[in-house]
Amino acid sequence: MLYTKNILSCILLLPLIGAFVLAFIPSSNKSLLRSVALNCSCLTFVLSLLLWVFFNKSIGTFQFVEKFFWIPILNFNFSIGVDGISLFFILLTTLLIPTCLLASWDTIRFDLKKYLISFLVMEFFLIGVFCVLDLLLFYIFFESVLIPMFLIIGIWGSRERKIRAAYFFFLYTLLGSVLMLLSILYIYAQVGTTDYEVLLTFSFSPLEQKIMWFAFFASFATKVPMVPVHLWLPEAHVEAPTAGSVILAGVLLKLGTYGFIRFSFPLFPEACFYFAPFVYAMSVVGIVYASFTAIRQSDFKRIIAYTSVAHMNLVMVGLFSFNIIGLEGAILQSLSHGFVASALFLIIGVVYDRHHTRMVKYYGGLVHTMPIYVLIFLFFTMANIGLPGTGSFVGEFLILTGSFKANTTVTFLSATGMIIGGCYALWLFNRIAYGNLKTQYFKNYLDINEREFLIFFPLLLGTLVMGIYPNIFLDSIHFSVNMLVELMYF
Amino acid sequence: MRIETLLFKEVVILPELFLGISLIYLVLHCTFLAIRKNYPLIQNSVLYLGVLVLSLSCFLVLNDGLDVLELSVLNDTIVNDYIGFSSKLIIGSLSLFCLLMMQPYLISQKINQFEYILLILFAVLGLFLLCSSNDLLTAYLAIELQSLAFYVLASFKKNSTYSVDAGIKYFILGAFSSSLFLFGASLIYGVTGTINFEEFRDLFSNSFPIILDQTSFFDGSLVQFGLVLILIALLFKLAVAPFHTWAPDVYEGSPSSSTFFFAVVPKLAIFVLLLRIFYYSFFGFFESWRYFLVVTVVLSIIVGSFGGLEQRKLKSLLVYSSISHMGYALIAFSAGTFESIQMLFGYLVVYSFSGLCVWSIFTITRLRNNHLQKQNKDLTDLVSLNKSNYMLAIFFTTVLFSVAGFPPMIGFLVKISVFLTAIESSMFFVALISILCSVVGTFYYIRLIKILYFEKVLVGMLYYPIKAQSSLLISMLFFLLLFLFLNPTLLYLFSYKISLLISTAV
């Protein structure tokens with residue numbers, strides 16, 4: 001029997017230790033830097049797999065709980081723990097970070113050391129967001145993620161618009177989340193603590209709930225992103241380096257949905273029911289609008305970015321159906337979106353590394369020269385549409401089933417998003433993969449190499465497993481979601 | 001050490017006495033050294049003598065504080081208590097850092113007169129007295145001592161029009177605000193017949209406003225008027241919003257080392273005086289000046305956040321940053337609870353130390369193209385900092401995030417504790433406006449970070465390497481700030497003790 005008591009804090013601290021070690025390696029020794037960073041993140045992933053192995057699937061409460069004193073005078077303590085909801089988000093993070101490091105193995109030309117350090121520090125913050133059990137600390141981690149991401153977009157971004165994109169990303173998110181900070185402070189002033197498990201036992205008056213729900217919503221909706229505040233996302237995605245886009249689509253967008261599940265739902269249940277029609281309306285607009293917008297984009301990354309907006313809004317519909325099926329579907333769809341969207345960004349990264357353009361019109365007929373690449377691309381395009389057998393299908397199906405119980409019209413309208421999704425995904429795949437090979441633009445005909453295949457393989461496997469036998473994920477999620485729904489209704 | 005056993009009670013002002021006497025000695029010493037025929041440059045030796053004197057008096061302060069008891073001497077004009085002790089200690093260490101950090105700047109700008117260092121020491125003496133003053137007149141004299149030193153420091157570059165202009169502006173507006181202070185003090189004296197804080201406190205205890213309605217023993221409105229005048233005078237010194245207009249010109253015009261000193265050090269002492277007057281003595285009038293202060297707070301946060309957006313020069317940017325930071329500090333001041341004093345002190349200490357960090361990075365880095373005597377004035381001059389000294393750039397970034405109040409830094413903790421006091425005393429509107437403005441304020445800090453990292457640099461290595469001494473001090477400061485985030489208990493315990501003392505009246 002392994003000693004599992006401190007495994008969570010090990011997972012949390014390992015990336016930070018790795019970043020610290022990297023700081024002392026001379027920046028000229030690039031291969032050592034890369035291997036230290038990769039080994040550290042892989043070790044974190046293995047440890048988080050152990051977390052899953054030792055996770056007790058038959059209880060819905062928090063496990064691996066650890067508490068440390070931080071500011072005892074003000075009653076702020078550092079407590080961490082995982083339940084079924086956060087477990088897979090941690091796994092997703094720890095899987096995607098080594099993938100990102102591999103994806104940018106030799107595309108980063110300058111400041112490699114800072115790049116690796118920012119990725120490891122970001123991993124620390126992201127794991128922190130998902131496992132922390134204190135509202136204030138959640139906010140601290142939630143905001144801290146901005147700093148490394150801001151630097152990654154700004155320093156290693158691709159074009160001159162990168163500064164604008166970095167500002168957009170930073171200020172949109174910050175503006176949303178300061179409102180959340182105010183309501184966290186209000187909660188602290190009312191309850192006297194920000195400990196999550198204590199807060200669950202406290203109920204606010206309806207007016208307080210509505211105001212604070214809205215403040216939280218401002219923060220999380222910017223992250224998801226919901227429609228009027230989604231503007232930062234295409235900018236940030238287009239300008240970020242490939243690995244940055246992967247993290248952005250794979251994990252950062254999930255902070256929004258995770259925040260809704262973890263905090264808005266159990267703390268302000270009445271306000272959630274009150275505002276559900278509002279969220280439905282916004283999400284449906286988001287799905288349809290983002291899908292149509294995706295059709296008329298000319299930039300490869302922008303298309304996938306708008307796809308992300310559409311899918312995440314579908315997740316929102318699933319969340320606000322407030323039943324177990326919908327919520328589980330939403331979590332599963334978040335995970336599968338984390339796999340599929342990051343794989344699509346990696347696919348863009350592969351051709352971008354070879355041809356240095358993201359314009360769709362310069363590509364064509366890649367199937368003639370890059371068959372393996374096109375196969376992987378086809379698989380993830382199908383997963384993006386939600387073909388049965390992939391994780392997205394299970395997620396979308398559960399979401400639509402759940403929301404059918406709550407609101408049939410919304411189900412109908414959001415299902416149209418899937419049809420339009422078929423349009424843009426197939427259109428994009430068709431333009432890139434088939435047709436004549438545009439030899440006038442191409443100089444480089446290499447298919448993907450071993451490293452790139454290794455990047456795609458875990459994502460491919462994960463998507464397939466999630467589609468064929470989703471129960472291994474749903475088993476662990478089930479009891480926590482059950483508890484959450486009970487908390488909301490009673 | 002009990003009070004009864006002391007033969008010579010004035011021993012409690014030993015640090016001030018020591019500092020004053022050594023200053024007089026230093027004046028004589030330097031004059032005799034400097035009038036030799038070959039005009040030797042004694043600036044470095046004076047600096048180290050000044051550092052020695054200052055550290056010795058800090059040591060004396062520390063010695064006093066080992067057994068802090070509330071003890072007033074010299075006919076109750078000066079008091080020694082925990083708040084005075086701790087603020088003197090902080091001010092002393094801040095000015096020590098300042099003196100050591102400004103040395104490369106003084107050498108490069110050829111500020112060779114020994115008076116410069118002595119004036120700084122005089123200002124420190126004034127600040128020490130300000131921290132422990134126990135009546136309005138002593139406070140006035142202490143303010144004047146430090147302000148006169150500041151006027152001269154501001155106009156020290158005699159051949160620069162900007163510097164002289166800054167000095168004169170500072171002098172006129174400073175004198176104006178001092179006269180307001182005196183007017184207010186005389187009004188209060190006219191009504192009550194006393195200027196001592198203890199006696200004010202006995203007169204205007206918590207129940208005073210009720211007495212005010214029943215009897216006409218005092219003219220309460222005159223006292224209120226006097227208090228508002230004093231408040232305005234002190235807000236002038238703090239440069240908060242409606243009274244801030246002198247600050248950008250003065251800060252921009254005066255030599256950077258002077259700006260460094262009077263941007264970082266004196267705020268804490270002024271806040272100590274504010275606390276002594278408005279909390280310790282006149283807390284009964286809390287409601288009457290509170291709303292006035294809240295308006296000031298909102299205004300200064302708005303002005304500080306939006307005014308900084310269009311600044312292209314580093315010093316002006318830091319002025320606006322300090323205006324908005326004083327606004328945040330005054331939020332805690334206007335909340336009027338026990339916790340608010342605690343948070344206020346935490347905020348001020350962190351503000352001073354992070355300000356010290358920013359300013360010292362700004363003063364110790366020197367551009368290589370020195371032909372125009374041009375130091376890094378514009379924001380864009382920082383563009384090559386990352387190339388030439390990337391560790392310093394990382395420190396600078398971290399401290400900027402801390403000053404902006406961004407999460408994993410101590411600046412965030414103290415900022416949210418200020419907002420917390422606002423919410424606890426139901427100032428929701430103020431909290432909302434200031435937190436939204438803080439987002440706007442963040443923009444200009446991240447613009448600095450953009451300049452540091454995101455822009456393409458064509459020429460590298462434009463900075464002189466910094467000295468080992470400065471880099472040691474900077475990293476000490478940096479790790480202090482990091483440590484305070486990991487273990488903020490230290491900060492809160494210390495400010496808890498201060499608020500215990502002040503809030504006996506609350």
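Within chain A one finds 20 helices and two strands. Here the C-alpha radius of gyration of chain A, 21 Å, is about what a compact globule of 490 residues would show, namely 23 Å. Overall, chain A is about 65 × 55 × 45 Å in size when its C-alpha atoms are taken along their principal axes. Among the 490 residues that make up chain A, the fraction classed as buried is 58%. Looking at chain A alone, contacts between residues at least 24 apart form 81% of all its contacts between residues at least 6 apart.

The helix and strand inventory of chain B stands at 22 helices and two strands. Against the globule reference of 23 Å for 506 residues, chain B gives a C-alpha radius of gyration of 22 Å, in line with a compact fold. Along the first, second and third principal axes, the C-alpha atoms of chain B reach 75 × 60 × 45 Å. Residues classed as buried in chain B amount to 55% of the 506 residues present. Counted over contacts in chain B with a minimum sequence separation of 6, partners at least 24 positions apart contribute 82%.

Moving on to the interface of chain B and chain A. At the interface, 24 residues of chain B touch 23 residues of chain A. For the side of chain B that touches chain A, the secondary-structure elements that each account for two or more residues are α19 (410-424), α20 (428-453) and α22 (489-502) of chain B. No other element matches the 11 residues that α20(B) contributes to the side of chain B that touches chain A. Here the side of chain B that touches chain A is composed, by residue class, of 19 nonpolar, three polar and two charged.

All names here are of chain A. As judged from the six bridges shared by strand β1 (residues 63-71) and strand β2 (residues 76-82), these two strands associate in the antiparallel manner. Bridging across to β2, I71 finds its partner in F76. With antiparallel pairing between neighbouring strands as the criterion, β1 and β2 make up a hairpin whose turn holds four residues, including N75 at a positive phi of roughly 65°.

All names here are of chain A. Its place among the elements puts E239 in helix α10 (residues 232-239). Using a count of 25 C-beta atoms within 10 Å as the deciding quantity, one classes E239 as buried. For E239 and R159, which are 80 residues apart along the polypeptide, the C-alpha to C-alpha distance reads 6.4 Å. Contact partners of E239, with chain neighbours within four places excluded, come to I153, G157, S158, R159, R161, K162 and A165.

This next bit is on helix α16 (residues 338-364) of chain B. Taking 1.5 Å of rise per residue, 27 residues should cover 39 Å, and α16(B) covers 40 Å from first to last C-alpha, within 8% of that figure. The buried count for α16(B) comes to 26 of 27 residues, which makes it a mostly enclosed element.

The description of two helices packed together rests on the angle between their axes and the distance between the axes. Residues and elements named next belong to chain A. For the pair helix α13 (residues 300-319) and helix α18 (residues 408-433), interaxial distance at closest approach is 11 Å and the crossing angle is 160°. In terms of their interaxial angle, α13 and α18 are classed as roughly antiparallel. As α13 runs across α18, the sense of the crossing is left-handed. For the pair α13 and α18, the contacting residues are I303, A310, L314 and V317 in the first and V410, S414, G417, G421, Y424 and L428 in the second. Of the residues in the contact of α13 with α18, the class split is seven nonpolar, three polar and no charged.

All names here are of chain A. Relative orientation of the contacting elements helix α11 (residues 242-267) and α13 amounts to 20°, with a least axis distance of 11 Å. Between α11 and α13, the angle is such that the two are roughly parallel. For the element pair α11 and α13, the recorded crossing hand is right-handed. Counted together, S245, A249, L253, T257, F260 and I261 of α11 and K301, S308, M312, V315 and L319 of α13 form the full contact between these two elements. Each residue belonging to the contact of α11 with α13 can be placed in one class, and the counts come to seven nonpolar, three polar and one charged.

This next bit is on the environment of B:L268. All names here are of chain B. As for its position among the elements, L268 is in helix α13 (residues 266-281). Take L268: there are 23 C-beta atoms within 10 Å of it, and that puts it in the buried class. Separated by 84 residues in the primary sequence, L268 and S352 place their C-alpha atoms 7.9 Å from one another. The residues touching L268, leaving out its near neighbours within four places in the chain, are S87, I90, I91, L348 and S352.

All names here are of chain A. P225 follows V224 through a cis peptide bond whose omega is -10°. Within the element layout of this structure, P225 appears in the loop between α9 (206-223) and α10. The phi angle at F64 is positive, at roughly 55°, despite the residue not being glycine. Among the structural elements, F64 can be located in strand β1. Positive phi outside glycine occurs at H356, with the angle close to 55°. In this structure, H356 sits in the loop between α14 (324-355) and α15 (366-369). Given 10 C-beta atoms within 10 Å, H356 falls into the exposed group.

The next point concerns helix α5 (residues 135-144) of chain A. Residues and elements named next belong to chain A. Here α5 lies mainly inside the structure; 10 of its 10 residues are buried. Those residues of α5 that fall on the buried side of the exposure criterion are L135, L136, L137, F138, Y139, I140, F141, F142, E143 and S144. Looking at the buried residues of α5, the elements they touch are β2, α4 (112-131), α6 (146-156), α7 (162-191), α8 (196-199) and α11.

Now for the environment of B:V349. All names here are of chain B. Along the chain, V349 falls in helix α16. The sequence separation of V349 and S186 amounts to 163 residues, and the corresponding C-alpha distance is 32 Å. Excluding its chain neighbours within four sequence positions, the residues that come into contact with V349 are I90 and L491.

Do not read the fine detail of predicted coordinates wherever pLDDT is low. Looking at chain B, pLDDT values average 85 and 90% of them are 70 or higher. Per the prediction output, this complex has pTM 0.92; the corresponding ipTM is 0.89.

About the thresholds
Residues numbered from 1 in each chain as written. Chains lettered and ligands numbered in written order. Predicted model: local features only at pLDDT ≥ 70, side-chain atom pairs only at ≥ 80, totals over all residues. Helix = DSSP H or I, 4+ residues; strand = E, 2+ residues; numbered from the N terminus. Rg over C-alpha atoms; globule rule 2.2 N^0.38 Å. Buried ≥ 20, exposed ≤ 12 C-beta atoms within 10 Å, placed from the backbone. Contact = placed C-beta atoms within 7 Å. Nonpolar A, V, L, I, M, F, W, Y, C, P; charged D, E, K, R; others polar. Pairing = 2+ DSSP bridges. Expected span 1.5 Å × (residues − 1). Axes fitted to C-alpha atoms, helices over the stretch in contact; angles between N-to-C directions. Parallel < 35°, antiparallel > 145°, perpendicular 65-115°, else oblique. Left-handed = near helix turned anticlockwise from the far one by under 90°. pLDDT = per-residue confidence, 0-100.

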